[in-house]
Every structure is written in structure tokens, then in C-alpha cells.
Amino acid sequence: MIQLNYVLKNDYDKVIKLGNESVFCYSDKKIKELYPSGGYELVAETNGKLGSAEKVGILTVSTMNISIYSQGTYKGLNKVIGYVAVGEDQYVAFYKSNAAFIAIVLGLLTLILGAAILIGWLFANPKPPVVIEPDNPQPSVDPGIVEIDPISPLPDKPEVTPSSSGGGSVSMVFTKGVTVSLSSDTSEIYYQNPDTSDHNAVLELYIVSDGVEYFIGKTGVIPPGNALYEMSIAERDAKISTGVYMGLFRVSFYNPVTGERAPLQSDITEVTVTVTE
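It should be emphasised that the depicted structure is a prediction, and the values quoted were computed from it without experimental measurement.

What counts and what doesn't
Residues numbered from 1 in each chain as written. Predicted model: local features only at pLDDT ≥ 70, side-chain atom pairs only at ≥ 80, totals over all residues. Heavy atoms only, no water. Buried < 20%, exposed > 50% of the residue type's maximum accessible area, 1.4 Å probe, protein only. Helix = DSSP H or I, 4+ residues; strand = E, 2+ residues; numbered from the N terminus. Pairing = 2+ DSSP bridges. pLDDT = per-residue confidence, 0-100. Contact = heavy atoms within 4.5 Å. Axes fitted to C-alpha atoms, helices over the stretch in contact; angles between N-to-C directions. Core = buried A, V, L, I, M, F, W, Y, C linked by side-chain atoms within 4.5 Å. Patch = residues over 30% accessible without salt bridge, like charges linked within 9 Å, V, L, I, M, F, W, Y side chains within 5 Å. Areas by Shrake-Rupley, 256 points an atom, 1.4 Å probe, with all protein chains shown as cover. Salt bridge = Lys/Arg side-chain N within 4 Å of Asp/Glu carboxyl O. Polar contact = N/O pair within 3.5 Å; in protein donor to acceptor, adjacent residues only side chain to side chain.

**Brief notes about the pairing of strand S14 (residues 200–209)**
Here is step 1: The element S14 is extensively covered by neighbouring structure, given that eight of its 10 residues are classed as buried.
Here is step 2: Here S14 pairs with strand S17 (residues 243–254) via eight bridges, running antiparallel. Within the sheet, the bridge partner assigned to Tyr206 lies in S17 and is Leu248.
Here is step 3: Relative to strand S15 (residues 212–218), S14 is paired through six bridges, and the arrangement is antiparallel. If you follow Ser209 over to S15, its bridge partner there is Val212.
Here is step 4: Hairpin remark: S14 followed by S15, antiparallel, with two residues in the connecting loop; positive phi at Asp210, about 55°.

**Here's the deal with the confidence of the model for the protein**
Here is step 1: Summary statistics for the protein give a mean pLDDT of 87 and a share of 91% for residues scoring 70 or more.
Here is step 2: Every residue in residues 162–167 is under pLDDT 50, and counting partners more than four places away or in other chains gives 12 contacts.

**Comments concerning the sheet that holds strand S4 (residues 41–46)**
Here is step 1: The sheet built from three strands is open, its strands ordered S4-S8-S7 with mixed pairing. Lying at the two open borders of the sheet, with one neighbouring strand each, are S4 and strand S7 (78–87). Averaged over all pairs of adjacent strands, the angle between strand axes in this sheet comes to 30°, irrespective of strand direction.
Here is step 2: Judged from the eight bridges that link them, S7 and strand S8 (residues 90–97) form a sheet pairing that is antiparallel. Bridge pairing links Gly82 to Phe94 in S8.

**Points about the sheet that holds strand S6 (residues 64–68)**
Here is step 1: Strand order across the open sheet formed by three strands is S1-S5-S6, with mixed pairing between neighbours. Edge positions in the open sheet fall to strand S1 (2–5) and S6, since each of these has one partner strand only. Taking each pair of neighbouring strands and ignoring which way they run, the sheet shows an average axis angle of 25°.

**Brief notes about unusual backbone geometry**
Backbone geometry follows two general trends: most residues other than glycine have a negative phi, and most peptide bonds adopt the trans configuration.
Here is step 1: Notably, Asp185 is not glycine yet its phi reads approximately 55°, a positive angle.
Here is step 2: Positive phi, close to 55°, is recorded for Asp210, a residue that is not glycine.
Here is step 3: Locating Asp210 in the fold gives a position in the loop between S14 and S15.

**Here's the deal with the nonpolar core**
Here is step 1: Membership of the largest hydrophobic core comes to 27 residues, with the highest contact counts inside it found for Val23, Leu59, Ile66, Val84, Tyr91, Val92 and Phe94.
Here is step 2: Setting aside anything within four residues of it in sequence, one finds Ile66 in contact with Leu18, Thr46, Gly48, Gly57, Ile58, Leu59, Val61 and Phe94.
Here is step 3: With 26 residues, the next largest nonpolar core counts Leu228, Met231, Phe249 and Ala262 among its residues.

**Things to note about a nonpolar patch on the surface**
Here is step 1: On the surface, a nonpolar cluster with roughly 490 Å² of combined accessible area is contributed by Phe101, Val105, Leu106, Leu109 and Ile112.
Here is step 2: Structurally, Phe101 is set in helix H2 (residues 99–124).
Here is step 3: The exposed category is assigned to Phe101, whose relative accessible area is 55%.

**Examining the side chain of Glu204**
Here is step 1: Structurally, Glu204 is set in strand S14.
Here is step 2: Taking the relative accessible area as the measure of exposure, Glu204 reaches 14% and is therefore buried.
Here is step 3: Looking at Glu204, its side chain comes within polar contact range of the side chain of Tyr206, at 2.6 Å.
Here is step 4: In this structure Glu204 touches Phe215, Gly217, Lys218, Leu248, Phe249 and Arg250, once residues within four positions along its chain are discounted.

**Re the pattern of salt bridges**
Here is step 1: For the structure shown, the criterion picks out five salt bridges.
Here is step 2: Notably, a salt bridge pairs Lys32 with Asp28, separated by 3.3 Å at the nearest N-O pair. In this pair, Lys32 and Asp28 are both assigned in helix H1 (residues 28–34), four residues apart and thus about one turn of the helix distant.
Here is step 3: Residue Lys32 is classed as exposed on the basis of its relative accessible area of 54%.
Here is step 4: Linked through salt bridges whose partners overlap, the residues forming this network are Glu213, Arg250 and Asp267.

Below you can see the structure in the form of C-alpha cells.
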């Protein structure tokens with residue numbers, strides 16, 4: 001094991017910190033100026049601390065004993081930060097780890113790559129346009145509607161209810177008998193919205209028990225000139241079994257142009273609801 005001593009030079013151009021001590025040394029630039037053709041010897045190298053590699057000796061600087069190592073120990077993620085003289089044209093190179101700097105660079109590269117990926121994704125998947133809903137969205141047309149046959153006999157007398165649209169009217173042709181099938185979750189109804197009406201109609205079926213209304217089913221829009229003879233009851237709010245119940249139809253009206261719901265609605269009461277399997 002070798003023992004080296006720090007030699008103070010009056011032309012040192014750099015100071016490095018080792019713990020609480022300041023050590024004067026040559027910078028890499030100064031060494032190249034002093035030895036443009038080489039001609040100096042690197043006796044050992046150190047990072048100023050005890051390392052994991054096997055040390056080859058001790059460098060004494062002031063009150064500090066610094067472990068020194070053979071050349072090549074600190075290659076890789078390290079850089080020279082200074083040279084101290086230990087003899088005539090003999091030096092020990094001090095190294096500092098570049099790991100933190102490289103980690104920062106890699107982090108920045110990762111952020112740049114992530115930003116590039118995100119920008120590419122945004123260009124490939126542009127933000128969809130804002131969907132502006134109409135002021136008065138009305139329900140969709142019921143898929144089960146059929147056009148009214150003008151020569152078919154009417155099962156009941158038409159009832160006329162004044163419309164809220166200002167001087168118009170709506171006509172309703174219906175029966176008060178409803179047959180519900182639990183096995184198919186459907187209800188057979190008879191409702192016509194003649195073409196003399198000026199509003200679309202939506203029909204709701206309720207069962208009334210002890211003064212309480214229980215929702216059973218609802219149609220889609222029935223435009224004027226169309227009829228509906230079957231309603232889904234799959235989304236009913238009450239559990240029902242086979243038998244006969246009293247119920248009602250609640251009819252809401254919508255302006256076919258603006259979709260605005262009329263404040264007036266009609267209740268068709270005393271509807272007989274027969275429930276079957």
C-alpha cells in the first residue's frame with residue numbers, strides 16, 4: 001500500500017470541497033495547458049471517500065487521509081473534477097459521480113418523450129365536438145307505432161282534449177282495457193293519435209291501489225296519424241301477479257316542431273288492467 005502526500009502548488013486554479021475542507025487543485029483545462037504533449041503521470045484516482053473497490057493507498061491532505069485507487073476505477077458514470085500534485089509531474093485525479101446529472105437528463109428525456117407521445121395521441125384522437133342538446137329534447141318515437149288505417153272501425157268514441165299550443169287540439173282514441181303478459185313483459189293496449197291532433201303523445205300506464213299510483217310502463221312518442229297497440233312493462237316499479245287491477249293512462253303532449261312539452265296532460269282513469277302469465 002502506498003502513502004502519498006498532497007503537494008501545494010502556487011498555480012492551482014481550482015478549489016474542490018471534501019467534507020468541510022477546501023482543497024486547491026488543477027482543473028482539467030489547466031493540466032492540458034501545463035502538459036500539452038502529456039508527460040505527466042496519474043499515480044492514482046479517488047472520489048474523496050472510501051469506495052467499494054480495493055484501495056491501493058492513502059493520500060494525506062491536511063488532516064484528511066483519503067483512500068486512493070488504481071486507474072480506471074472511476075470510469076463510466078464519473079468525471080474528473082481536479083488533479084492534485086503528489087510529486088514531480090505526478091498527480092492523483094479526483095472524480096465525481098455523474099449519476100445524479102444523468103438521472104436528471106434521463107428524467108427530462110422521459111418527460112419529453114411522454115409529452116411527444118401525448119401530443120401524438122391528441123392529434124390521433126382529437127377532442128370530440130361539444131354536444132349541445134336541444135332546449136326541449138322529447139322522447140324518441142316508439143318503434144312499435146303503426147300508421148292508422150282510416151277505414152278500421154273505432155273501438156270507442158274519440159275524446160278531444162284542448163291543447164296548450166294556443167288554439168290547437170289533440171284527439172285520443174283508446175280503450176280502457178289493458179292485458180299484461182308477465183312472461184313477455186308486454187302490455188296489449190289500444191291507443192290512436194289521429195292526424196287531426198297537432199301534438200305528439202306519450203302514454204304512461206299506472207296501477208292504482210289504495211290511492212297510490214304504481215308505474216307499470218311507458219311508450220315512446222306517438223306522432224299524429226299513428227297508433228300503438230303494445231307497450232313494454234319491463235321497467236315497472238311494482239311487483240304484480242296474475243289478476244285484475246284498476247289503473248290509469250297518463251298522456252303527455254309534445255310540440256312536434258320545438259319538442260316543448262305541453263303543461264296540460266290528460267289522465268284516462270278507470271282503466272281495467274288484466275295481468276296474465
